[in-house]
Amino acid sequence: PGGAKPRWDMDFRRNALEALTPKEREVAELVAAGYSTDNIRAHLGVKDSTVRSHIKAIFRKTDTHSRAELTRFLIGVRA
(Lines give C-alpha, C1' and ligand atoms only; values in the text may rest on other atoms or scores of the structure.)
Protein backbone atom coordinates (compact mmCIF):
# COMPACT_ATOMS: atom_id res chain seq x y z
CA PRO A 1 0.00 0.00 0.00
CA GLY A 2 1.07 3.56 -0.56
CA GLY A 3 4.16 4.43 -2.51
CA ALA A 4 4.75 7.18 -4.99
CA LYS A 5 2.29 7.73 -7.79
CA PRO A 6 3.76 7.22 -11.22
CA ARG A 7 4.76 10.41 -12.98
CA TRP A 8 1.88 11.54 -15.16
CA ASP A 9 -0.84 9.41 -13.58
CA MET A 10 -4.24 10.09 -15.14
CA ASP A 11 -5.33 12.52 -12.43
CA PHE A 12 -2.17 14.57 -12.97
CA ARG A 13 -2.64 14.49 -16.75
CA ARG A 14 -6.25 15.66 -16.54
CA ASN A 15 -5.45 18.40 -14.02
CA ALA A 16 -2.50 19.56 -16.12
CA LEU A 17 -4.67 19.80 -19.23
CA GLU A 18 -7.32 21.73 -17.31
CA ALA A 19 -4.59 24.16 -16.17
CA LEU A 20 -3.70 25.00 -19.77
CA THR A 21 -5.31 28.06 -21.30
CA PRO A 22 -7.30 27.49 -24.51
CA LYS A 23 -4.40 28.97 -26.54
CA GLU A 24 -1.89 26.71 -24.74
CA ARG A 25 -4.07 23.70 -25.53
CA GLU A 26 -4.14 24.72 -29.18
CA VAL A 27 -0.35 25.15 -29.25
CA ALA A 28 0.13 21.80 -27.47
CA GLU A 29 -2.01 20.05 -30.09
CA LEU A 30 -0.03 21.72 -32.89
CA VAL A 31 3.25 20.63 -31.27
CA ALA A 32 1.91 17.06 -30.99
CA ALA A 33 0.90 17.22 -34.66
CA GLY A 34 4.52 17.96 -35.56
CA TYR A 35 4.28 21.69 -36.25
CA SER A 36 7.51 23.66 -35.87
CA THR A 37 7.63 26.91 -33.94
CA ASP A 38 7.60 28.76 -37.27
CA ASN A 39 4.58 26.76 -38.49
CA ILE A 40 2.71 27.47 -35.25
CA ARG A 41 3.61 31.17 -35.48
CA ALA A 42 2.26 31.38 -39.03
CA HIS A 43 -0.85 29.34 -38.16
CA LEU A 44 -1.72 31.54 -35.17
CA GLY A 45 -0.44 34.83 -36.58
CA VAL A 46 1.73 35.59 -33.56
CA LYS A 47 5.44 36.21 -32.90
CA ASP A 48 7.97 33.41 -32.41
CA SER A 49 8.53 34.66 -28.87
CA THR A 50 4.80 34.21 -28.14
CA VAL A 51 4.90 30.61 -29.38
CA ARG A 52 8.03 29.91 -27.32
CA SER A 53 6.37 31.46 -24.26
CA HIS A 54 3.31 29.23 -24.69
CA ILE A 55 5.50 26.12 -25.13
CA LYS A 56 7.52 26.98 -22.01
CA ALA A 57 4.29 27.35 -19.98
CA ILE A 58 2.94 24.08 -21.41
CA PHE A 59 6.14 22.21 -20.49
CA ARG A 60 5.98 23.63 -16.94
CA LYS A 61 2.29 22.78 -16.43
CA THR A 62 2.60 19.26 -17.89
CA ASP A 63 6.00 18.45 -16.32
CA THR A 64 7.44 17.79 -19.77
CA HIS A 65 10.79 18.94 -21.15
CA SER A 66 10.65 18.34 -24.90
CA ARG A 67 8.20 18.27 -27.77
CA ALA A 68 8.47 14.47 -27.95
CA GLU A 69 7.74 14.15 -24.24
CA LEU A 70 4.76 16.51 -24.56
CA THR A 71 3.45 14.41 -27.45
CA ARG A 72 3.72 11.23 -25.34
CA PHE A 73 1.95 13.04 -22.49
CA LEU A 74 -0.96 14.00 -24.77
CA ILE A 75 -1.18 10.52 -26.27
CA GLY A 76 -1.43 9.14 -22.73
CA VAL A 77 -4.39 11.41 -21.99
CA ARG A 78 -6.23 10.21 -25.07
CA ALA A 79 -5.58 6.53 -24.37
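Everything in this summary refers to the structure shown in the same document. (Residues numbered from 1 in each chain as written. Predicted model: local features only at pLDDT ≥ 70, side-chain atom pairs only at ≥ 80, totals over all residues. Heavy atoms only, no water.)

**Section: the packing of helix α1 (residues 10-19) against helix α5 (residues 67-78)**
Logical step 1: As a packed pair, α1 and α5 sit with axes 10 Å apart at the nearest point and diverge in direction by 110 degrees. The angle between α1 and α5 falls in the class roughly perpendicular. Judged by residue contacts, Met10, Phe12, Arg13, Ala16 and Leu17 of α1 engage Arg72, Phe73, Leu74, Gly76 and Val77 from α5.
Logical step 2: For the contact of α1 with α5, a count of residues per class yields seven nonpolar, one polar and two charged. (Axes fitted to C-alpha atoms, helices over the stretch in contact; angles between N-to-C directions. Helix = DSSP H or I, 4+ residues; strand = E, 2+ residues; numbered from the N terminus. Parallel < 35°, antiparallel > 145°, perpendicular 65-115°, else oblique. Contact = heavy atoms within 4.5 Å. Nonpolar A, V, L, I, M, F, W, Y, C, P; charged D, E, K, R; others polar.)

**Quick notes on unusual backbone geometry**
Logical step 1: For Asp63, which is not a glycine, the phi torsion comes out positive at approximately 55 degrees.
Logical step 2: If you trace the backbone, Asp63 turns up in the loop between α4 (48-62) and α5.
Logical step 3: Given a relative accessible area of 30%, Asp63 falls into the partly exposed group. (Buried < 20%, exposed > 50% of the residue type's maximum accessible area, 1.4 Å probe, protein only.)

**Topic: the side chain of His54**
Logical step 1: Mapped onto the secondary structure, His54 falls in helix α4.
Logical step 2: Overall, the relative accessible area of 17% leaves His54 in the buried class.

**Focus: the pattern of salt bridges**
Logical step 1: In total, this model carries five salt bridges according to the counting rule given.
Logical step 2: Note that Asp11 and Arg14 form a salt bridge whose closest N and O atoms lie 3.9 Å from each other. Of this pair, Asp11 and Arg14 both sit in helix α1, separated by three residues, roughly a single helical turn.
Logical step 3: Of the residues examined, Asp11 reaches a relative accessible area of 43% and is grouped as partly exposed.
Logical step 4: Residue Arg14 is classed as partly exposed on the basis of its relative accessible area of 44%.
Logical step 5: Residue Arg41 pairs with Asp48 through a salt bridge whose shortest N-O separation is 3.3 Å.
Logical step 6: You can call Asp48 partly exposed: its relative accessible area is 29%.
Logical step 7: Each member of the salt-bridge network shares a partner with another, and the members are Asp38, Arg41 and Asp48. (Salt bridge = Lys/Arg side-chain N within 4 Å of Asp/Glu carboxyl O.)

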